[in-house]
Amino acid sequence: MQTPPELAPLLDFSPYRLLTEPDAVHRRMRAEPPVRFVREETGFSYWLVSGYAEAREAFAAPGLSNDPRRLGHAAAAAAYSPMANNDPPDHTRLRRLVSHGFTRRRVAALAPTAERVVGELLDAVAPTGRADVIADLAFPLPVLVICELLGVPTGDRAAFRAWADHTLSTTAGPRSREERSRRLHRYFTRLVAAKRGAVRASASPDEQPDLLSALVVAQEQDNSLTDEELVGLAVLLLVAGHETTTNLIGNGLLTLLRHPGQLRRLRDEPSLLPAAVEELLRYEGSAGQSSLRVAIEDTVVGGTLIPRGSVVNIGLSLANRDPLVFSGSDGLDIGREPNPHLAFGHGIHFCLGAPLARMLAATAFAGLLGRLPDIALRVAPEELRWRQISILCGLTALPISFDPEHRETSSS
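Residues numbered from 1 in each chain as written. Predicted model: local features only at pLDDT ≥ 70, side-chain atom pairs only at ≥ 80, totals over all residues. Heavy atoms only, no water.

Asker: Where do I start with the overall build of the chain in this structure?
Answerer: From N to C terminus, the chain includes 17 helices and twelve strands. Of all 412 residues assigned to the chain, the portion counted as buried reaches 51%. Pairs at least 24 apart in sequence give 70% of the contacts found in the chain among residues at least 6 apart. When the accessible surface of the chain is totalled, it reaches about 18800 Å², and 53% of it is carbon and sulfur. (Helix = DSSP H or I, 4+ residues; strand = E, 2+ residues; numbered from the N terminus. Buried < 20%, exposed > 50% of the residue type's maximum accessible area, 1.4 Å probe, protein only. Contact = heavy atoms within 4.5 Å. Areas by Shrake-Rupley, 256 points an atom, 1.4 Å probe, with all protein chains shown as cover.)

Here it is as structure tokens:
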């Protein structure tokens, strides 16, 4: 076991670079050790974990903390979320309570809502022969389904979507986004109070149709979930769940358009859709890395000692192209089996929203391929623009053309 010497600054492997120049990034990284120390030109230094086996080991290492407050500076502390960035035992407590309400069965029950929303969104564009996949489908779909998941009253959903649009917008100024964020927190605080009143008045409090009500029941039963944590969960589901799903749909469709053989195969074999979603999660790389970890004790990963106090960056996209695990790792194979990718993390921090993201993506792709024949990119690839928010990167727009639906109309 040894600590390797400091190496030269790393080739940029940001999500943007991974999406736009993947071959160059992966070629460079395969020439480097799977655990290496990096000092960037900015002076920021960290340990990069790029091998698949090493990434799984890092995710499971108790000596690597997921709490950004341990990084020791204000910007990192501001990114802290009690639902996303906790370590055991708080993480264990919160995840147990959230898992109680956020079940696969609850997500499966949302599938008809997702299908209806996709149908309505595509109804608006199908006759025109053109669409922006981001604005017309990938952006509104998660918001509308998350409203159903959380139990946002129907009469509030138009206002809720407007707040969400402004909060998640990359064009709004910081003050505008902060104000919309405060409005969402205030709204969810009131909604949690209303759910609590309904639960207490219910004849069957254990049988609640929406996630927030189920979590209120759990809170009432053992008083181990605070209102602040409940509101934080609702905001986290909206923000984190929305951005990741939007990127998966937009980046995923672009990936298929760049691999026309795979796109034809998926049209011909729609039963491959679940496997195709998994392969897009592995391949497209919109979340190029995990949230940063901090070594709270000397920790060995892949035979390399990471000293206490070090920052650790787990390169998800790099691990998901590890040729030791994935045959033909640089190629897209929508029928790939098995596909043990790490797009949703691993271990105790495996993404709770994974079933929801998978379901929404599969429903969106089924609608796009089922309703819109001969989809083609409407602009030159170099005209596409990307937005990067933290560790996530996605398209600002994805203009497509297709054969329009010609609907017969009857005259009175």
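Continuing now.
Asker: Any chance you could explain the environment of A354 here in plain terms?
Answerer: Mapped onto the secondary structure, A354 falls in helix α17 (residues 354–371). Accessibility expressed as a relative area gives 0% for A354, which makes it buried. In this structure the C-alpha to C-alpha distance between A354 and F344, which are ten residues apart in sequence, comes to 6.6 Å.

Asker: Looking at this model, I keep getting lost on the nonpolar core. Mind explaining?
Answerer: For soluble globular proteins, the rule of thumb is that nonpolar side chains tend to be buried together. L141, L150, F160, F188, L356, L398 and I400 are the most contacted members of the largest nonpolar core, which totals 86 residues. Broken down by element, the residue count for this core peaks at 13 residues, all from helix α13 (residues 227–257). Excluding anything up to four places from it in sequence, L356 contacts F102, V107, L110, V145, I146 and L149. In this structure, Y52, A58, F59 and I314 belong to the second largest nonpolar core, which totals 19 residues. (Core = buried A, V, L, I, M, F, W, Y, C linked by side-chain atoms within 4.5 Å.)

Asker: Is there a simple way to think about the packing of helix α9 (residues 140–150) against α17 in this case?
Answerer: Two measures define how a pair of helices packs: the angle their axes make with one another and the distance between the axes. Viewed as axis vectors pointing N to C, α9 and α17 meet at an angle of 130°, and their least axial separation amounts to 11 Å. Judged by the inter-axis angle, α9 sits oblique to α17. Handedness of the crossing formed by α9 with α17: right-handed. Touching L141, P142, V145, I146 and L149 of α9 are L356, L360 and A364, all from α17. Taken together, the residues of the contact of α9 with α17 break down into eight nonpolar, no polar and no charged. (Axes fitted to C-alpha atoms, helices over the stretch in contact; angles between N-to-C directions. Parallel < 35°, antiparallel > 145°, perpendicular 65-115°, else oblique. Left-handed = near helix turned anticlockwise from the far one by under 90°. Nonpolar A, V, L, I, M, F, W, Y, C, P; charged D, E, K, R; others polar.)

Asker: I tried to follow the sheet that holds strand β12 (residues 399–401) on my own but got confused; where do I start?
Answerer: Backbone hydrogen bonds are what pair the strands of a sheet, in a parallel or an antiparallel way. Ordered in space as β4-β12-β9, the three strands form an open sheet in which the pairing is antiparallel. Two strands bound the open sheet, and with one partner strand each, they are β4 (130–132) and β9 (376–377). Where β4 lies against β12, three bridges are found, and the strand directions are antiparallel. By the bridge assignment, R130 is partnered in β12 with S401. (Pairing = 2+ DSSP bridges.)

Asker: I'm lost on the side chain of N251 in this one. Help?
Answerer: Considering the arrangement of structural elements, one finds N251 in helix α13. For N251, a relative accessible area of 2% corresponds to the buried category. Among the polar contacts made by the side chain of N251, one reaches the side chain of E284 at a distance of 3.2 Å. (Polar contact = N/O pair within 3.5 Å; in protein donor to acceptor, adjacent residues only side chain to side chain.)

Any functional reading would require information that these geometric values do not contain.
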